[in-house]
Amino acid sequence: LSRQPARSSLHMVLGPIGPLCPFQSGYMKSADIEKGMESLSTGASGFYGQYMRFCLDMQMGKIPPKDEVAKLADEMEKSGDNWKMLMTRFQLAPDFQAQQMWKLTVELV
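Quantities reported herein were computed from a predicted structural model and do not represent experimental measurements.

Reading the values: the criteria
Residues numbered from 1 in each chain as written. Predicted model: local features only at pLDDT ≥ 70, side-chain atom pairs only at ≥ 80, totals over all residues. Heavy atoms only, no water. Patch = residues over 30% accessible without salt bridge, like charges linked within 9 Å, V, L, I, M, F, W, Y side chains within 5 Å. Areas by Shrake-Rupley, 256 points an atom, 1.4 Å probe, with all protein chains shown as cover. Salt bridge = Lys/Arg side-chain N within 4 Å of Asp/Glu carboxyl O. Lys, Arg positive; Asp, Glu negative; His and termini not counted. Charge placed at Lys NZ, Arg CZ, Asp CG, Glu CD. Helix = DSSP H or I, 4+ residues; strand = E, 2+ residues; numbered from the N terminus. Buried < 20%, exposed > 50% of the residue type's maximum accessible area, 1.4 Å probe, protein only. Expected span 1.5 Å × (residues − 1). Arc of directions from axis to C-beta. Contact = heavy atoms within 4.5 Å. Polar contact = N/O pair within 3.5 Å; in protein donor to acceptor, adjacent residues only side chain to side chain.

Caption draft 1: How the structure looks around a negative patch on the surface. On the surface, Asp 74, Glu 75, Glu 77 and Asp 81 cluster together into a patch of negative charge. Counting through the fold element by element, Glu 75 comes out in helix H2 (residues 66-92). A relative accessible area of 35% places Glu 75 in the partly exposed class.

Here is the structure:
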């Protein structure tokens, strides 16, 4: 009997390849994509605080200033447009991680 060397099962392991992989593709690491993702996350946190302040004021019977509400609405609309543009870029990208990010986002939203 001849002994064959033990086969490693490492060739059968599929590592992380999607959008949450720590090793991102060049497309996902591009300056445009990183800037777009950063602007969405920082914008959303700012909107939330301002919106909650308006909600609290209205619960106490105060009407928030119209100019501040209009400014917040404009910023939220602009952020929504940026989000749609980023999602379209992900959907149409030739990059697997970008397409997976789009699909993951669509399923979660």
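Having seen it, we continue.
Caption draft 2: Spatial organisation of helix H3 (residues 96-108). When the terminal C-alpha atoms of H3 are compared, their 18 Å separation across 13 residues agrees well with the 18 Å that a helix rising 1.5 Å per residue should span. All of the buried residues in H3 are Gln 97, Ala 98, Met 101 and Thr 105. In an axial view of H3, the angular spread of the buried residues amounts to 100°, which keeps them on one side of the axis. Structurally, H3 contributes buried residues whose contacts are with helix H1 (31-59) and H2. Between the side-chain oxygen of the N-cap and the backbone nitrogen of Gln 97 there are 3.1 Å, and the N-cap of H3 in question is Asp 95.

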